[in-house]
Each structure stands twice: as structure tokens, then as C-alpha cells.
Amino acid sequence: NIPEDKADKLLLASWGLPKAVLEKYHSLGVVQMFEWQAECLMLGQVLEGKNLVYSAPTSAGKTLVAELLILKRVLETRKKALLILPFVSVAKEKKCYLQ
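As the structure is a computational prediction, the values presented were derived from the model and not from experiment.

Chemist: Which residues make up the pattern of salt bridges, and what values go with them?
Modeler: Counting across every chain of the model gives 3 salt bridges. The residue Glu23 makes a salt bridge to Lys19 at a minimum N-O spacing of 3.9 Å. Of this pair, Glu23 and Lys19 both sit in helix α1 (residues 19-27), 4 residues apart, which is roughly one turn of that helix. Under the relative-accessibility criterion, Glu23 is labelled partly exposed at 44%. Linking Lys94 and Glu67 is a salt bridge whose minimum nitrogen-to-oxygen distance equals 2.6 Å. Here Glu67 lies in helix α3 (residues 62-77) and Lys94 lies in helix α4 (residues 88-98), a separation of 27 residues in the sequence. In this structure, Lys94 and Glu67 share a single accessibility class: buried.

The following block contains the structure:
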């Protein structure tokens, strides 16, 4: 559970993402995360590039966690990232989405 003093971490706007990225998420109706998603991002040194293994049911929001981690690392380090997806259709969807 998220402590009250960290409740703002549920909002995408509190993660230091550029305005254009936030606007894209907002246009898709994504303004805040579930508690478990924010907990994943606050675990250990995940935001500094350490590994994270997490599991959730289909359509629970796993991809959002991965996207936020990738976006933050790419923007902060100016390095490339590799996103591996299980299906060509999902890969095409994410390509258009992330452009």
C-alpha cells in the first residue's frame, strides 16, 4: 500500500515526465496509476536501472509500468531501450503509440 505522504505518486504527472508524454497519456484517459503500479516504480532502485520482476493478470496494467520505466530511463540517460513484446500486432500498436 502507498503511504499517505506518497499518494501523489499515483498521478502520472508526479513522475517527471515531459508535458507531451503526459498529454498523450491523458488523451488516452490515463491520468493516474493503480497502487500496485506505483509500488513497482518505488521499489528499491528500479528507477535507477535495477531489475524488476512483477506479475499481474492480463489487462491489469503491466505495460504501463514498463513504459514508464523505459521512458524515464531513456529521457534521463539519453540511451536507447529495447522493448520486447510477445506479438507482432502488439509491437505495431506500441510502435505507433510510442512515436
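Chemist: Would you mind going over the UniProt feature "domain: DEAD/DEAH-box helicase" (unreviewed entry) in the protein chain in detail, with residue names and values included?
Modeler: The UniProt entry lists residues 44-93 under the feature "domain: DEAD/DEAH-box helicase" (unreviewed entry), expressed in the numbering used here. Secondary structure over residues 44-93 splits into 44% helix and 0% strand, and the C-alpha atoms at its two ends are 31 Å apart.

Chemist: I'd like to hear about the nonpolar core, residue by residue, with values.
Modeler: Grouped together as the largest cluster of nonpolar side chains are 17 residues, with contacts concentrated most on Leu12, Leu17, Tyr25, Met33, Leu41 and Leu68. Looking at this core element by element, the count peaks at 5 residues for α3. Each residue touching Leu17, except ones within four places of it in the same chain, is listed here: Leu12, Leu22, Leu68, Leu71 and Lys72.

Chemist: Describe the packing of aromatic side chains, and please don't skip the residues or the numbers.
Modeler: What the rule picks out here adds up to 1 aromatic pair. Each ring, one from Trp36 and one from Tyr54, has its centre 6.2 Å from the other, and the planes form 40°; the classification is tilted. A residue pair is termed long-range when its members are at least 10 positions apart, and Trp36 in helix α2 (residues 35-42) and Tyr54 in the loop between α2 and α3 qualify at 18 residues. Lys9 extends its terminal NZ or CZ atom over the ring of Trp15, reaching a point 4.8 Å from the ring centre.

Chemist: Describe unusual backbone geometry, listing the residues and the values that go with them.
Modeler: One non-glycine residue with positive phi stands out, namely Ser59, at about 65°. In this structure, Ser59 sits in the loop between α2 and α3. The exposure class of Ser59 is exposed, given its relative accessible area of 76%.

Chemist: Account for the packing of α2 against α3, naming residues and giving values.
Modeler: At their nearest, the axes of α2 and α3 sit 10 Å apart, and the two run at 35° to each other. As α2 packs across α3, the resulting crossing turns out to be right-handed. Across the interface between the two elements, Trp36, Gln37, Cys40 and Leu41 from α2 touch Lys62, Leu64, Val65, Leu68 and Leu69 from α3. Of the residues that constitute the contact of α2 with α3, the class distribution is 7 nonpolar, 1 polar and 1 charged.

Cut-offs used in this document
Residues numbered from 1 in each chain as written. Predicted model: local features only at pLDDT ≥ 70, side-chain atom pairs only at ≥ 80, totals over all residues. Heavy atoms only, no water. Salt bridge = Lys/Arg side-chain N within 4 Å of Asp/Glu carboxyl O. Helix = DSSP H or I, 4+ residues; strand = E, 2+ residues; numbered from the N terminus. Buried < 20%, exposed > 50% of the residue type's maximum accessible area, 1.4 Å probe, protein only. UniProt positions renumbered as here; feature names shortened; annotations may be inferred. Core = buried A, V, L, I, M, F, W, Y, C linked by side-chain atoms within 4.5 Å. Contact = heavy atoms within 4.5 Å. Phe/Tyr/Trp six-rings, centres within 6.5 Å; stacked < 30°, edge-to-face > 60°. Lys NZ or Arg CZ within 6 Å of the ring centre and 35° of its normal. Axes fitted to C-alpha atoms, helices over the stretch in contact; angles between N-to-C directions. Left-handed = near helix turned anticlockwise from the far one by under 90°. Nonpolar A, V, L, I, M, F, W, Y, C, P; charged D, E, K, R; others polar.

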